[in-house]
Amino acid sequence: MRLPRPSLRFIPIWRRNLLVWRKLAIPSMLGNLADPMFYMLALGFGLGRLLPEIGGMPYIAFLAAGTMCYATMNTATFESLYSAFSRMQIQRTWDAILNTPLTLDDIIIGEFAWSITKSGLSGLAILCAILILGIAHGPNLLWLIPLSLLIGMCFTGMALIITALAPNYDFFMYYFSLAITPMTLLCGVFFPTNQLPLLLQHISVLLPLTHAIDLARPLVAGHNPHHLIVHVTVLVLYGLTGLCLAINLIERRLQR
Amino acid sequence: MPAVSVHGLTKKYGTSLAVNGLDLSIEKGECFGLLGPNGAGKTTTLRLLLGTITADSGQITINGEPIPARARHSRAQIGVVPQIDNLDPDFTVTENLIVYGRYFGINQETLNHRIPALLEFAELSHKSNSPINTLSGGMKRRLTLARSLINDPSLLILDEPTTGLDPQARHMIWQRLRNLIQQGKTILLTTHFMEEAERLCDRIAILDEGQRIAQGTPVNLIQEHIEPHVIEIINNSESIRPLLADQQYCERVEEAGETQFCYMHSPDTLIQLLAAKPEIRYLHRPANLEDVFIKLTGRELRD
């Protein structure tokens, strides 16, 4: 086990992914914007009619904060599972890069940085949706952008571990079924976690999405988040631990 | 100082030895061929030279740089054509070269200058803005060769550069490789085509089970290991099979299915004998590198 060896050489790899993204930017941004908007509209108005406000927030604003975290998590996860796996295993893009003066650390850090960038774009799209739908306003909303980068970092790191271990695309279903879906349901995207039985609440505290939502919700409501340091630390630790493990695992994988 | 120097190189995968105490020395400006059946350790050797995998023991230096300690630095001077195509399918021909050039830290101005010349070299100027999936196999291979030259390398490492190509495309690649040799580049290639090795390589090493079992110029290898004449008796050989054991006709016989391969220094007596038997179809030819290869590595399949 060794630590990552960061250098600015990751930039050409980040730029490669940016160049690919630019070709598909319109459908990609549309997806980032449309999906959460439909969620917020359908559930926000549908359920929102039945629910009084939650913790002083209208349900649609409560949901917007959850959706922002959930959608950003998904962006990072899909990029670092399916797209990264394609580049590693199917297109052999990483093999080609390893024959140049770049190293595996440069590649993984490049992928890490790119996936975080994409998460930021996803966060930006949702911020636009929140503003367009008039769900919330105020300068605190701007903090959602750095938050989306933080969420991107957390879930990119975790997903890269799964990619490092995956024999094929089907393997990712385990991660969705055992990690992403439970988090979506247990971390307070749709309802406050204090509605859950105590055991599930304890589990929920350990999951990173809970900490992301605990930061996002006050920001949407226009307050400052409590326990800022704790939540940020949890997200950063998940992300960097994931990055570190992924580099070690992928190094071993490519030695074969 | 040799371009590539390898001493006692060993690499294990699990319990199997992919490379087993290999020694190699490749001079600057030389075209050196690594031949061997599947699983002989050719690709593993190339990956060890590039430092993308690490050896269990042995020393490698490339242009005086120790590998893997200075592999990253050394790769800046190396161009690679991999066995499995790994062009970037999301990009056009030109974008592939730009993006790959950036991995070497080459600035845009230099790339703008180099890329048209490389496309011309690969006869792909007319395809500069085409997506990769519209290229034929031969064009992809030419683009991969052009891509390997983006950093103006002194050493080219080519892993089966013409596998899967039609004869026209293969000849075109050979012509380009000869051109590069004339420019003074050092080339290390692996191949399954003996003709390719014979035409291009100054020297050849034959590998089997991770070890070097022969080395020399193509002509020397043939002279050293094999009789100069080969008569392949293609069918109906039953009637003369007993005669083939007779040294007067043939010094050495190998059987492969229906065909008898007869090796000898003077073919005349056997040709006279065969001339009297019109039902027998045969082929008389000079011995080539393939005969050496088969003699040294055997006829059985290596899967």
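Residues numbered from 1 in each chain as written. Chains lettered and ligands numbered in written order. Predicted model: local features only at pLDDT ≥ 70, side-chain atom pairs only at ≥ 80, totals over all residues. Heavy atoms only, no water.

1. Regarding helix α6 (residues 167-182) of chain B
Residues and elements named next belong to chain B.
Step number 1: Taking 1.5 Å of rise per residue, 16 residues should cover 22 Å, and α6 covers 22 Å from first to last C-alpha, within 8% of that figure.
Step number 2: Every buried residue of α6 is listed here: Ala 169, Arg 170, Met 172, Ile 173, Trp 174, Arg 176, Leu 177, Leu 180 and Ile 181.
Step number 3: For α6, the elements touching its buried residues are β3 (31-35), α4 (108-121), α5 (137-148), β7 (155-159), β8 (186-191) and α7 (194-200).
Step number 4: Positive phi appears at Gly 184, one or two residues downstream of α6, with a value of about 95°. (Helix = DSSP H or I, 4+ residues; strand = E, 2+ residues; numbered from the N terminus. Expected span 1.5 Å × (residues − 1). Buried < 20%, exposed > 50% of the residue type's maximum accessible area, 1.4 Å probe, protein only. Contact = heavy atoms within 4.5 Å.)

2. Side note on the domain arrangement of chain B
Step number 1: Domain boundaries assigned for chain B yield domain 1 (4-222) and domain 2 (227-286).
Step number 2: Taking only C-alpha atoms into account, the centre of domain 1 of chain B sits 40 Å from that of domain 2 of chain B. (Domains from an automatic or database assignment.)

3. Some words on the interface of chain B and chain A
Step number 1: Each partner contributes residues to the interface: chain B has 26 residues there, and chain A has 23 residues.
Step number 2: Across the interface of chain B and chain A, roughly 2,300 Å² is buried in total on both sides, 54% from carbon and sulfur atoms.
Step number 3: Broken down residue by residue, the surface that chain B buries against chain A is led by Arg72(B), Arg102(B) and Tyr103(B), which jointly contribute 31%.
Step number 4: In this structure, Lys23(A) and Glu95(B) form a salt bridge, with 2.6 Å as the shortest nitrogen-oxygen distance.
Step number 5: If you list the elements that add at least two residues to the side of chain B that touches chain A, you get β1 (4-13), α1 (42-50), α2 (71-75) and α3 (93-103) of chain B.
Step number 6: Here the side of chain B that touches chain A gets five residues from one element, more than from any other, and that element is α3(B).
Step number 7: Residue composition of the side of chain B that touches chain A, grouped by class: 13 nonpolar, four polar and nine charged. (Buried area = accessible area lost by both parts, 1.4 Å probe. Salt bridge = Lys/Arg side-chain N within 4 Å of Asp/Glu carboxyl O. Nonpolar A, V, L, I, M, F, W, Y, C, P; charged D, E, K, R; others polar.)

4. Comments concerning the sheet that holds strand β4 (residues 57-62) of chain B
To summarise the sheet geometry, strands pair through backbone hydrogen bonds and adopt either a parallel or an antiparallel arrangement.
Residue and element names in this part refer to chain B.
Step number 1: The four strands lie next to each other as β2-β1-β4-β5, forming an open sheet whose pairing is antiparallel. Sheet topology places β2 (16-26) and β5 (65-67) at the edges, where each strand pairs with a single neighbour. On average, each strand axis in the sheet is inclined to that of its neighbour by 25°, with strand direction left out of account.
Step number 2: Taken together, the five bridges between β1 and β4 define a ladder with antiparallel strand orientation. (Pairing = 2+ DSSP bridges. Axes fitted to C-alpha atoms, helices over the stretch in contact; angles between N-to-C directions.)

5. Focus on the nonpolar core
Step number 1: In this structure, Leu144(A), Leu147(A) and Leu209(A) are the most contacted members of the largest nonpolar core, which totals 136 residues.
Step number 2: Counting contributing residues per domain, this core is built from domain 1 (4-222) and domain 2 (227-286) of chain B, each supplying no fewer than three.
Step number 3: With sequence-adjacent residues up to four places away left out, Leu144(A) is seen in contact with Met68(A), Leu127(A), Ile130(A), Ala216(A), Leu219(A) and Val220(A).
Step number 4: Counting residues in each nonpolar core, the second largest holds 27 residues, with Leu34(B), Leu46(B), Ile62(B) and Ile157(B) among its members. (Core = buried A, V, L, I, M, F, W, Y, C linked by side-chain atoms within 4.5 Å.)

6. Observations regarding the packing of helix α3 (residues 59-90) of chain A against helix α7 (residues 172-186) of chain A
For any two helices packed against each other, one specifies the inter-axial angle together with the distance between the axes.
Residues and elements named next belong to chain A.
Step number 1: It is at 12 Å that the axes of α3 and α7 come closest, and there the two elements cross at 170°. When the interaxial angle is binned, α3 and α7 end up roughly antiparallel. Here Tyr 70, Met 73, Asn 74, Thr 77, Phe 78, Leu 81, Tyr 82 and Phe 85 of α3 lie close against α7, whose contacting residues are Phe 172, Tyr 175, Phe 176, Ile 180 and Thr 184. (Parallel < 35°, antiparallel > 145°, perpendicular 65-115°, else oblique.)

7. So, the pattern of salt bridges
Step number 1: For the structure on display, the rule yields 19 salt bridges over all chains.
Step number 2: Between Arg87(A) and Glu111(A) there is a salt bridge; the shortest N-O distance is 2.6 Å. With Arg87(A) in helix α3 and Glu111(A) in helix α5 (residues 104-132), this pair connects stretches of sequence that are 24 residues apart.
Step number 3: Here Arg87(A) falls in the buried class, since its relative accessible area comes to 9%.
Step number 4: Across the salt bridge formed by Arg285(B) and Asp291(B), the nearest N and O atoms sit 2.8 Å from each other.

8. Regarding the packing of aromatic side chains
Residues and elements named next belong to chain A.
Step number 1: Under the defined criterion, the tally for this structure stands at 15 aromatic pairs over all chains.
Step number 2: When the centroid spacing of 5.6 Å and the interplanar angle of 20° are considered together, the rings of Phe 78 and Tyr 82 count as stacked. Remark: Tyr 82 and Phe 78 occur in helix α3; sequence separation between them is four residues, near one turn of the helix.
Step number 3: Phe 78 gets classed as partly exposed once you look at its relative accessible area, which sits at 42%.
Step number 4: Geometrically, the ring pair formed by Tyr 82 and Phe 172 is edge-to-face, given 4.9 Å between the ring centres and 75° between the ring planes. Remark: Phe 172 occurs in helix α7 and Tyr 82 occurs in helix α3; sequence separation between them is 90 residues. (Phe/Tyr/Trp six-rings, centres within 6.5 Å; stacked < 30°, edge-to-face > 60°.)

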